Amino acid sequence: MEVGQMQRQWLDYTRSLFIEGFLDGQFLQLEQLQDDNNPDFVVEVVSLFFQDSHKLLNDLTIALDQKSVDFKKIDAHVHQLKGSSSSIGAQRVKNCCIAFRNFCEEQNTDACLKCLHQVKQECCLVKNKLETLFRLEQQIMAAGGSIPMMELSF
Amino acid sequence: MNGDTEEENHSTETTVWIRCDVYDTGIGIPEKAIPTLFKRYMQVSADHARKYGGTGLGLAICKQLVELMGGRLTVSSKEHVGSTFTFILPYKVSIPSSDENSDDTDELSDVDNNDAVSDDLTEGFFQFQPRTLGSLFSSNGSTRRTLHKFNGFPSNPFALPSPNGVVSKAVTNSVEDSSSVVADASDLTESTSSSDHRENSEGGAVKLRQGCGDSSKEVNNESRKSSNKCEGLIMKKEDENSRCVSRCSGSREEDSSKECCRSKPKILLVEDNKINVMVTQSMMKRLGYSMDVVNNGVEAVKAVQRHTYDIILMDVFMPVMNGLQTTKLIRSYEETGNWDAAKSSGIEQIQQISDYECCVPPRKRIHIIAMTANTVSESAEECYANGMDSFVSKPVTFQKLKECLEQYLR
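Source: prediction; values computed, not measured.

1. Some remarks on the overall build of chain B
And step 1. A count of helical and extended segments in chain B gives 13 helices and nine strands.
And step 2. In chain B, which comprises 410 residues, the share counted as buried stands at 52%.
And step 3. Sequence-distant contacts in chain B: of pairs separated by 6 or more residues, those separated by 24 or more amount to 72%.

Structure below.
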């Protein structure tokens, strides 16, 4: 596949992520922060997010598994996850967290468990999507091309 | 009081007035507020504290201190233009001779003045009149003051203030010009003294931080000649907010060392989320600023104790101590000059190298910007109520940060 084609593929794929709500405008902020001084910024931040969220999801699983559920602690964890997902533009993860927090407030264990399941799924999905995107980028760079500027014009 | 000093009043020693103007281009003071300006707990308006902070103690403290030093404080102000506070202090200048009493220089000297001139030339000092009774802020505070004994020194360097204590333009010429007129908070002395009396008997003592050697000395205020009604006070004003701070020699050192960093604002980020830290730091770097980072409120308080910051980006929802609480503690330090509120919250103050450093007064009000997720508990109202100056809603974007900083970095 030649560079031009790869670049078009990258563009289409990125656009789809936005249209399907996996990513929001905040992701573009990250891309704008990437430059020659910081060539791997997006990958670094996203990687950090998945490391962090992996731990948080584990903690949440354990916390919800307790006989006596500590909703304050769970709320704190979800707040963290909401904050970081929001910061990188992982929109669907963030939205799950918002719902999750509401159920925490209601102290509804079952609903919380459902939310946890959903959040895990969304994290998994966006992780795969972004990995695909980054792989595309690597291919373009390897072929001597550059990543096109993303315009949010839809 | 060193008895030797007075015996040394020969030709090699004169007393001069040293004058300092502290001015700002702030909101100004309406004329009607002038008469009560130097009273304890009085501020320009009932909601002044809510808008601008402060406790109304600054000028009252200043007034007492300068009085004790035999000086006077005057104010001149124009609403929406600014205010000028002027204090004058009698200063004894002596040329060192062979029989110079070295105790003089150990006396309550103004360190900075001693440092400013070479030891070979002159020595001088401000006189305090230590007394055996009462504390620095005894109930007799404003009623009775001592007239300093300055022989060979104009007895009436300033014309008497107008009887109504009306604010008039502060003098610009030499303080030794006896024809100059100053506006002052004079006549209030008599009226405030009685109220001070009452306040004190109710236990409203004013606390002054330790560290300026003077404060440990016992001082009592004695009668002052009724004709000399002006009182003065050391006051260091920052920005548009009047803040009264005690003058420690340590603060002078702090300031000069910070001089070189003045062009780049010192910014502190208080955020517990690693991803947010990474993103915010990257944005800041783009804007050309570096930041110190701490992860919770307790660390933030410690950082403020150690360094002077111009801006703090404060996450609201944090473990250990949240942003609202942390801001409250920092504001309390700015107003009172001490960290007692922090201590009662369990934050131990880090031991500094010298005594001066741990009582370094805040140079100016720190701009605290809340980073809020806009939930109910992090609403803008809550942020302002706790002393924050503005807020940025999360997720933080480059544009939001840029606007916020531009607003405060002039």
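2. Details of the UniProt feature "modified residue: Phosphohistidine" (unreviewed entry) in chain A
Residues and elements named next belong to chain A.
And step 1. Under the feature "modified residue: Phosphohistidine" (unreviewed entry), the UniProt entry names His79.
And step 2. Note on placement: histidine 79 falls in helix α4 (residues 71-88).
And step 3. In this structure histidine 79 comes out as buried when scored by relative accessible area, which is 8%.

3. Description of the interface of chain B and chain A
The figure often quoted for interface size is the accessible area lost as the parts come together.
And step 1. Every contact between the two is made by 18 residues of chain B and, on the other side, 24 residues of chain A.
And step 2. Interface of chain B and chain A: buried area, both sides summed, is about 1800 Å²; carbon and sulfur atoms make up 59% of it.
And step 3. Of all residues in chain B, Ile275, Met278 and Arg286 of chain B give up the largest surface area on contact with chain A, accounting jointly for 33% of the area buried on that side.
And step 4. One can count two salt bridges joining chain B with chain A.
And step 5. A salt bridge links aspartate 52 of chain A to lysine 274 of chain B; the nearest nitrogen and oxygen atoms lie 3.7 Å apart.
And step 6. In this structure, the connection of chain B to chain A is made through seven residue pairs in polar contact (both at pLDDT 80 or more).
And step 7. Its residues assigned to classes, the side of chain B that touches chain A shows nine nonpolar, five polar and four charged.

4. Examining the environment of histidine 117 of chain A
And step 1. Relative to the assigned elements, histidine 117 of chain A resides in helix α6 (residues 109-142).
And step 2. Between the C-alpha atoms of histidine 117 of chain A and leucine 57 of chain A, which are 60 residues apart in sequence, the distance is 9.5 Å.

5. Description of helix α3 (residues 58-68) of chain B
All names here are of chain B.
And step 1. Within α3, 11 of the 11 residues are buried, which leaves it mostly tucked inside the rest of the structure.
And step 2. Listed as buried for α3 are Gly58, Leu59, Ala60, Ile61, Cys62, Lys63, Gln64, Leu65, Val66, Glu67 and Leu68.
And step 3. Where α3 terminates, the next one or two residues include glycine 70, which has phi positive at roughly 80 degrees.

6. Thoughts on the environment of glutamate 31 of chain B
And step 1. Within the element layout of this structure, glutamate 31 of chain B appears in the loop between β1 (13-23) and α2 (48-52).
And step 2. Sequence separation between glutamate 31 of chain B and lysine 78 of chain B is 47 residues; the distance between their C-alpha atoms is 8.1 Å.

Cut-offs and rules
- Residues numbered from 1 in each chain as written.
- Chains lettered and ligands numbered in written order.
- Predicted model: local features only at pLDDT ≥ 70, side-chain atom pairs only at ≥ 80, totals over all residues.
- Heavy atoms only, no water.
- Helix = DSSP H or I, 4+ residues; strand = E, 2+ residues; numbered from the N terminus.
- Buried < 20%, exposed > 50% of the residue type's maximum accessible area, 1.4 Å probe, protein only.
- Contact = heavy atoms within 4.5 Å.
- UniProt positions renumbered as here; feature names shortened; annotations may be inferred.
- Buried area = accessible area lost by both parts, 1.4 Å probe.
- Salt bridge = Lys/Arg side-chain N within 4 Å of Asp/Glu carboxyl O.
- Polar contact = N/O pair within 3.5 Å; in protein donor to acceptor, adjacent residues only side chain to side chain.
- Nonpolar A, V, L, I, M, F, W, Y, C, P; charged D, E, K, R; others polar.

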